[in-house]
Amino acid sequence: NAGVTQTPKFRVLKTGQSMTLLCAQDMNHEYMYWYRQDPGMGLRLIHYSVGEGTTAKGEVPDGYNVSRLKKQNFLLGLESAAPSQTSVYFCASSTQGGNQPQHFGDGTRLSIL
Amino acid sequence: AQSVTQPDIHITVSEGASLELRCNYSYGATPYLFWYVQSPGQGLQLLLKYFSGDTLVQGIKGFEAEFKRSQSSFNLRKPSVHWSDAAEYFCAVGATGNTPLVFGKGTRLSVIA
């Protein structure tokens, strides 16, 4: 039972570099989400998707882009990484929106030097 | 829009003692309520959920929560805490439609011998 799988688990980048975080779910969920978690800040929603081909901004979207070309995958891109984007990133998925629980991956720890 | 507050940032309890973690929400209609647990280095795991019906909800790992509409609360309880319960706990509130869940900032639980 894979559930939600995030790739990679760890990454160190230099300021200005770009990278893509991959989230894959095998539960046929419609909704997918990207969060960042920082000490004392809880989970903050970056972007989310309510279905294949759709994306929407969350609470902290600046500096990030996303794509949902396939239902099972949700990609998070950092175009030009900044030290303020050092964080732990979590992907989640759900069958529907706010009336269903979200299922989380194990996170990607990203450090920007 | 809905919101959720977890008033306690950090709680310490002795092993074997009872536990209550507080969660207060704000939403005009009947909310969908969730509790999650996050162990160090891992993603969030669903403990329990409330959609409707019985206001006392049983979850995994011996946890329960009670929905109190008059107090806009959904407190998490466990009668006897084990050292393995040390983790961060998140309360979340949802609504019908596409709006994602709103998470509280979390309560960190420490368990001492």
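From a predicted model like this one, the values you see are computed outputs, not experimental measurements. (Residues numbered from 1 in each chain as written. Chains lettered and ligands numbered in written order. Predicted model: local features only at pLDDT ≥ 70, side-chain atom pairs only at ≥ 80, totals over all residues. Heavy atoms only, no water.)

Draft legend 1. Quick look at the nonpolar core. All names here are of chain B. Leu19, Trp35, Leu47, Leu48, Phe74, Leu76 and Tyr89 are the most contacted members of the largest nonpolar core, which totals 26 residues. Among the elements of the structure, β2 (10-14), β3 (19-21), β5 (32-38), β6 (44-50), β8 (64-68), β9 (73-78), β10 (87-94) and β12 (107-112) are those that each provide at least two residues to this core. With four residues, β10 is the single largest residue contributor to this core. Not counting residues up to four positions away in its chain, the partners in contact with leucine 19 are Ile11, Val13, Phe63, Leu76, Arg77, Lys78, Val81 and Leu109. (Core = buried A, V, L, I, M, F, W, Y, C linked by side-chain atoms within 4.5 Å. Buried < 20%, exposed > 50% of the residue type's maximum accessible area, 1.4 Å probe, protein only. Helix = DSSP H or I, 4+ residues; strand = E, 2+ residues; numbered from the N terminus. Contact = heavy atoms within 4.5 Å.)

Draft legend 2. Looking closely at the pattern of salt bridges. Summed over the entire model, instances satisfying the criterion amount to seven salt bridges over all chains. Here Arg22(B) ties to Asp8(B) by a salt bridge, and the two come within 2.9 Å at their closest N and O atoms. Here Asp8(B) lies in the loop between β1 (3-5) and β2 and Arg22(B) lies in the loop between β3 and β4 (24-26), a separation of 14 residues in the sequence. Overall, the relative accessible area of 37% leaves Arg22(B) in the partly exposed class. One salt bridge connects Glu66(B) with Arg77(B), and the closest N-O pair in it is separated by 3.1 Å. Residue Glu66(B) is located in strand β8, and its partner Arg77(B) is located in strand β9; the two are separated by eleven residues in the primary sequence. Taken together, the shared-partner salt bridges in this structure form one network comprising Arg36(A), Asp38(A) and Arg44(A). (Salt bridge = Lys/Arg side-chain N within 4 Å of Asp/Glu carboxyl O.)

Draft legend 3. Just the interface of chain B and chain A, in detail. Counting residues at the interface gives 21 residues for chain B, matched by 21 residues for chain A. Along the contact surface separating chain B from chain A lie zero salt bridges. At the surface where chain B touches chain A, the tally comes to six residue pairs in polar contact (both at pLDDT 80 or more). Mapped by element, the contributors of at least two residues to the side of chain B that touches chain A are β5, β6 and β10 of chain B. Grouping the constituent residues of the side of chain B that touches chain A by class yields eleven nonpolar, eight polar and two charged. (Polar contact = N/O pair within 3.5 Å; in protein donor to acceptor, adjacent residues only side chain to side chain. Nonpolar A, V, L, I, M, F, W, Y, C, P; charged D, E, K, R; others polar.)

Draft legend 4. Structural view of the packing of aromatic side chains. Summed over all chains, the structure comprises 14 aromatic pairs over all chains. Geometrically, the ring pair formed by Phe104(A) and Tyr36(B) is edge-to-face, given 5.7 Å between the ring centres and 80° between the ring planes. Taken as a pair, Phe104(A) in strand β10 (residues 103-104) and Tyr36(B) in strand β5 lie in two separate chains rather than in one. Judged by relative accessible area, Phe104(A) falls into the buried class, the value being 11%. (Phe/Tyr/Trp six-rings, centres within 6.5 Å; stacked < 30°, edge-to-face > 60°.)

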